[in-house]
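What follows is each chain in one-letter form.
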Amino acid sequence: MGPFPLKQVRLGWHDAGTYNKNIEEWPLRGGANGNLRFEIELKQTLSSQSSFSGLVNALKLLQPIKDKYSGVTYADLFQLASATAMEEAGGPKFPMKYGRVDVSEPEQCPEEGRLPGK
């Protein structure tokens, strides 16, 4: 498996991995909300975990799809790309549900440090 599928899996994980079940208010609770498309979020991810620097390239590869299908949210697109990459690598087929809502501005991104540590 080449680097592209791995980056898509990481993209889905980083977008969803900030979820906190103890926070009721959206978007403060985090989760799959398309926040990785904002520069502030990418900078935090890149500075804290240099092994995930390929996320920028993963985003660039998905942008033409988003441009063509503007009604699809980034949150759904990131999770679909991640699930498809896992399936293409020989993993299970994940049932998908759509309708995730994107955060609309960088200020709605979860605070730094929400991803589980190494």
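For the structure itself, look to the data block above.
Worth saying up front: this structure is predicted, and the values here are computed from it rather than measured.

A. Main features of the overall build of the chain. Scanning the chain from terminus to terminus reveals four helices and zero strands. Contacts spanning at least 24 positions in sequence make up 64% of the contacts within the chain whose residues lie at least 6 apart. Of the roughly 7100 Å² of accessible surface on the chain, a fraction of 56% belongs to carbon and sulfur atoms.

B. Focus on the side chain of T18. One can find T18 in the loop between α1 (3–16) and α2 (39–48). With relative accessibility at 4%, the residue T18 sits in the buried group. From its side chain, T18 meets the backbone nitrogen of G31 in a polar contact 3.1 Å long.

C. View of the nonpolar core. Grouped together as the largest cluster of nonpolar side chains are 11 residues: L11, L36, L42, L55, A58, L59, L62, Y74, L77, F78 and A81. At the level of secondary structure, the elements contributing two or more residues to this core comprise α3 (55–68) and α4 (74–88).

D. Layout of unusual backbone geometry. Cis geometry is found at the peptide bond from W26 to P27, where omega equals 5 degrees. Mapped onto the secondary structure, P27 falls in the loop between α1 and α2.

E. Region of the structure containing the environment of R100. Take R100: it is sitting in the segment after α4. Of the residues examined, R100 reaches a relative accessible area of 24% and is grouped as partly exposed. Sequence-wise, R100 and L77 are 23 residues apart; in three dimensions their C-alpha atoms are separated by 9.5 Å. With sequence-adjacent residues up to four places away left out, R100 is seen in contact with A32, T73, A75, D76 and Q79.

F. Geometry of the pattern of salt bridges. As enumerated under the stated definition, the model contains two salt bridges in all. Across the salt bridge formed by D76 and R100, the nearest N and O atoms sit 2.6 Å from each other. Linking D76 in helix α4 with R100 in the segment after α4, this pair joins segments that are 24 residues apart in sequence. Here E87 ties to K93 by a salt bridge, and the two come within 3.9 Å at their closest N and O atoms. Look at E87 and you get partly exposed, because its relative accessible area is 33%. On the accessibility criterion, K93 (65% relative accessible area) is exposed.

G. Molecular detail of the packing of aromatic side chains. One pass over the full model with this rule turns up one aromatic pair. The interplanar angle of 55 degrees and the centroid separation of 5.8 Å between the aromatic rings of Y74 and F78 together place this pair among those described as tilted. Separated by four residues within a single helix, Y74 and F78 lie in helix α4, roughly one turn from each other. Exposure class is identical for Y74 and F78. Each is buried.

H. Quick look at the packing of α3 against α4. Between α3 and α4, the shortest axis-to-axis distance is 11 Å and the interhelical angle comes to 120 degrees. When the axes of α3 and α4 are compared, the pair comes out oblique. In terms of crossing hand, the pair formed by α3 and α4 is right-handed. Along the contact surface, α3 presents L59, L62, Q63, I65 and K66, while α4 presents Y74, L77, F78 and A81. Taken together, the residues that form the contact of α3 with α4 break down as seven nonpolar, one polar and one charged.

Thresholds applied
Residues numbered from 1 in each chain as written. Predicted model: local features only at pLDDT ≥ 70, side-chain atom pairs only at ≥ 80, totals over all residues. Heavy atoms only, no water. Helix = DSSP H or I, 4+ residues; strand = E, 2+ residues; numbered from the N terminus. Contact = heavy atoms within 4.5 Å. Areas by Shrake-Rupley, 256 points an atom, 1.4 Å probe, with all protein chains shown as cover. Buried < 20%, exposed > 50% of the residue type's maximum accessible area, 1.4 Å probe, protein only. Polar contact = N/O pair within 3.5 Å; in protein donor to acceptor, adjacent residues only side chain to side chain. Core = buried A, V, L, I, M, F, W, Y, C linked by side-chain atoms within 4.5 Å. Salt bridge = Lys/Arg side-chain N within 4 Å of Asp/Glu carboxyl O. Phe/Tyr/Trp six-rings, centres within 6.5 Å; stacked < 30°, edge-to-face > 60°. Axes fitted to C-alpha atoms, helices over the stretch in contact; angles between N-to-C directions. Parallel < 35°, antiparallel > 145°, perpendicular 65-115°, else oblique. Left-handed = near helix turned anticlockwise from the far one by under 90°. Nonpolar A, V, L, I, M, F, W, Y, C, P; charged D, E, K, R; others polar.

Coordinates in, geometry out; function isn't part of it.
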